[in-house]
Amino acid sequence: MLSWLLVLPVLGLGARGDFSWNKTHFKHLSERLQYLFGNISQLAGKGRLDVSTIVSREEWGAGAVGCSTPLTRPVELLVTHHVPGLECHSQTACSQRLRELRAHHTHNNSWCDLAYNFLVGDDGRVYEGVGWGVQSVHTQGYNNISLGFAFFGTKEGHSPSPAALTAMERLISYAVQKGHLSPWYVQPFLVKGENCLAPLQKASPKKACPDIVSRSAWEARETRCPKMTLPAKYAIIIHTAQRTCNASEECRLLVQTMQSFLMDRFNSCDIAYNFLVGQDGAIYEGVGWSVQGSHTAGYNDIALGIAFMGTFSGTPPNAAALEAAQTLIQCAADKGYLTPNYLLMGQSDVSTTLSPGKALYDIISTWPHFRQ
């Protein structure tokens, strides 16, 4: 991931499953946009996009759009991507790269077309993807409520050119001015670049997966939760904000109690988390890998929720618990339960909550793949 891209924030997306947030909430979240795009009042002052400079699909050599599902506008979310391994600095070279990328998306991935609505080349030009009125396939779970824009053409290890940055700003401003993107839009996250055409990297040494205390071992009740499509894109770290446990029997009883409380008191389908971590250094299976948790609204179908049992606002979990959680996350990536480019986040990054507590958050912010 390029150093410039790492400074874009992951916003506090206190979403509900239906995404019907009010304007006050949108305004609050929009104010947290920083650095490149700023808030919408700053963006509106940028130079206008000259529509005649957009390189059409016909101009860069694509046929008719293969996707056909209409996109209702204005959308309220914008997802910004980066595609590495496609270096180009002229319209001719960038057009060739886009043809390669489209072929990869349609033939290798069996998608309906190029994954993005629009792309910005390092030559400073905007290239038409599937356009404004059609749902693209850029981010699972968000294609029907967002626009997907992507940078491409940057030299490996470099930031997008000043011309590309300016073009992206103007593209976003144009989308707002023309009613394609809501003035209250938010960027819920920055998707790490897809590596379809990037050089292969050497795999890092794989650690052994931790022993996991199974549901049967803590006498779990049968789940009623929906299945989860893997791999997940995110690992979300949570604290339960309840008492902690330091011994095996104590932890098993605590997990069992949490499940019963949620199912009996709130009619939940199961315990809220995919996995839980005790101060005994053990991992306890919640709903597991292949079942959706109910930990973070808007993310349960695309994220693994890993909960430390206890409250960690002032004091962090012990070393054994922290090591167990890290080993579990590495195992998830090695086994394909998490995408190779997954993002690690605290629950407070995507929901209005104090979880996972400041002391724990300060630690996970130093772990690999933590959102930047």
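Calculation notes
Residues numbered from 1 in each chain as written. Predicted model: local features only at pLDDT ≥ 70, side-chain atom pairs only at ≥ 80, totals over all residues. Heavy atoms only, no water. Helix = DSSP H or I, 4+ residues; strand = E, 2+ residues; numbered from the N terminus. Buried < 20%, exposed > 50% of the residue type's maximum accessible area, 1.4 Å probe, protein only. Contact = heavy atoms within 4.5 Å. Areas by Shrake-Rupley, 256 points an atom, 1.4 Å probe, with all protein chains shown as cover. Phe/Tyr/Trp six-rings, centres within 6.5 Å; stacked < 30°, edge-to-face > 60°. Salt bridge = Lys/Arg side-chain N within 4 Å of Asp/Glu carboxyl O. pLDDT = per-residue confidence, 0-100. Pairing = 2+ DSSP bridges. Axes fitted to C-alpha atoms, helices over the stretch in contact; angles between N-to-C directions. Disulfide = S-S within 2.5 Å. Core = buried A, V, L, I, M, F, W, Y, C linked by side-chain atoms within 4.5 Å. Expected span 1.5 Å × (residues − 1).

Let us look at the overall build of the chain. What the chain contains, in helices and strands, is 8 helices and 11 strands. A burial count over the chain gives 52% of its 372 residues as buried. Counting only contacts in the chain whose residues sit at least 6 apart along the sequence, the fraction spanning at least 24 positions is 76%. Put simply, the chain shows about 16,300 Å² of open surface, and 50% of that area lies on carbon and sulfur atoms.

Turning our eyes to something else, we now look at the packing of aromatic side chains. Two aromatic rings, taken as a pair, are described by how far apart their centres are and by the angle between their planes. Under the counting rule described, the total for this entry stands at 11 aromatic pairs. With 4.4 Å between their ring centres and 55 degrees between their planes, F275 and W289 make a pair best called tilted. Remark: W289 occurs in the loop between β9 (283–285) and β10 (303–308) and F275 occurs in strand β8 (residues 275–277); sequence separation between them is 14 residues. Owing to a relative accessible area of 17%, W289 belongs among the buried residues under this scheme. Of the aromatic side chains, those joined through ring pairs into one cluster are F118, W132, F149 and Y174.

Okay, the pattern of salt bridges next. In total, this model carries 7 salt bridges according to the counting rule given. Notably, a salt bridge pairs R97 with E100, separated by 3.1 Å at the nearest N-O pair. Linking R97 with E100, this pair stays in helix α4 (residues 91–108), spanning 3 residues, or about one helical turn. For D264, the salt bridge is made with R221, and the minimal N-O distance between the two is 2.9 Å. Of this pair, D264 sits in helix α6 (residues 248–265) while R221 sits in the loop between β6 (212–213) and β7 (232–239), and the two are 43 residues apart along the sequence. Residue D264 is classed as exposed on the basis of its relative accessible area, which comes to 54%. Among the residues examined, R221 registers a relative accessible area of 32% and is labelled partly exposed.

Residues of the chain with pLDDT of at least 70 account for 80%, and the chain-wide mean is 82. Here residues 1–46 scores under 50 on pLDDT; set against residues more than four positions off or in separate chains, the count is 109 contacts. Every residue in residues 195–204 is under pLDDT 50, and counting partners more than four places away or in other chains gives 11 contacts.

Strands sit in the order β3-β2-β4-β1-β5 across an open sheet of 5 strands; the sheet is mixed. Two strands in the sheet have a free side with no partner beyond their single neighbour: β3 (126–128) and β5 (181–186). Adjacent strand axes in the sheet meet at a mean angle of 35 degrees, parallel and antiparallel pairs treated alike. Two strands pair when backbone bridges link them, and strand β1 (residues 75–83) and β5 are joined in this way by 2 bridges, in the parallel orientation. The residue bridging V75 from the neighbouring strand is L181, located in β5. In this fold α4 packs onto β1, β2 (118–121), β3 and β4 (146–152), with an angle of close to 40 degrees to the strand it touches most, β3. Packed onto the sheet, helix α5 (residues 162–177) meets β1, β2, β3, β4 and β5 and runs at close to 165 degrees relative to β4.

Enumeration over the complete set of coordinates arrives at 5 disulfides. With a sulfur-sulfur separation of 2.1 Å, C245 is cross-linked through a disulfide to C251. With the S-S bond torsion at 100 degrees, the cross-link from C245 to C251 turns out right-handed. As far as the burial class goes, C245 and C251 line up, both buried. When the bonded cysteines of the chain are numbered from the N-terminus onward, they pair as 1-4, 2-3, 5-10, 6-9, 7-8.

This part covers the nonpolar core. One recurring pattern in soluble globular proteins: nonpolar side chains tend to sit buried together. Y234, I236, L276, Y284, Y299 and M309 are the most contacted members of the largest nonpolar core, which totals 30 residues. When contributions to this core are tallied by element, the ones reaching two or more residues are β7, α6, β10 and β11 (338–346). Of the residues forming this core, the biggest block, 4 residues, is contributed by α6. The contacts of L276, once residues within four sequence positions are left out, are T240, V255, M258, I271, A282, I283, Y284, G286, A307 and M309. Counting residues in each nonpolar core, the second largest holds 27 residues, with A232, W289, F308 and A321 among its members.

What follows covers α5. With 16 residues, α5 extends 23 Å between its outermost C-alpha atoms, agreeing within 8% with the 22 Å of an ideal straight helix rising 1.5 Å per residue. Of all the residues in α5, the buried ones are A164, L165, A167, M168, E169, L171, I172, S173, Y174, A175 and V176. Just downstream of α5 lies G179, where phi reads positive at about 80 degrees.

Glancing now at unusual backbone geometry. Note the cis peptide between R73 and P74, where omega equals 5 degrees. Here P74 shows up in the loop between α3 (57–60) and β1. Cis geometry marks the peptide bond from S355 to P356; its omega dihedral reads 15 degrees. Residue position: P356 is located in the loop between β11 and α8 (358–364). Phi is positive for S110, close to 60 degrees, though the residue is something other than glycine. Position of S110 relative to the elements: it lies in the loop between α4 and β2. Phi is positive for E219, close to 60 degrees, though the residue is something other than glycine. A relative accessible area of 59% means that E219 is categorised as exposed.

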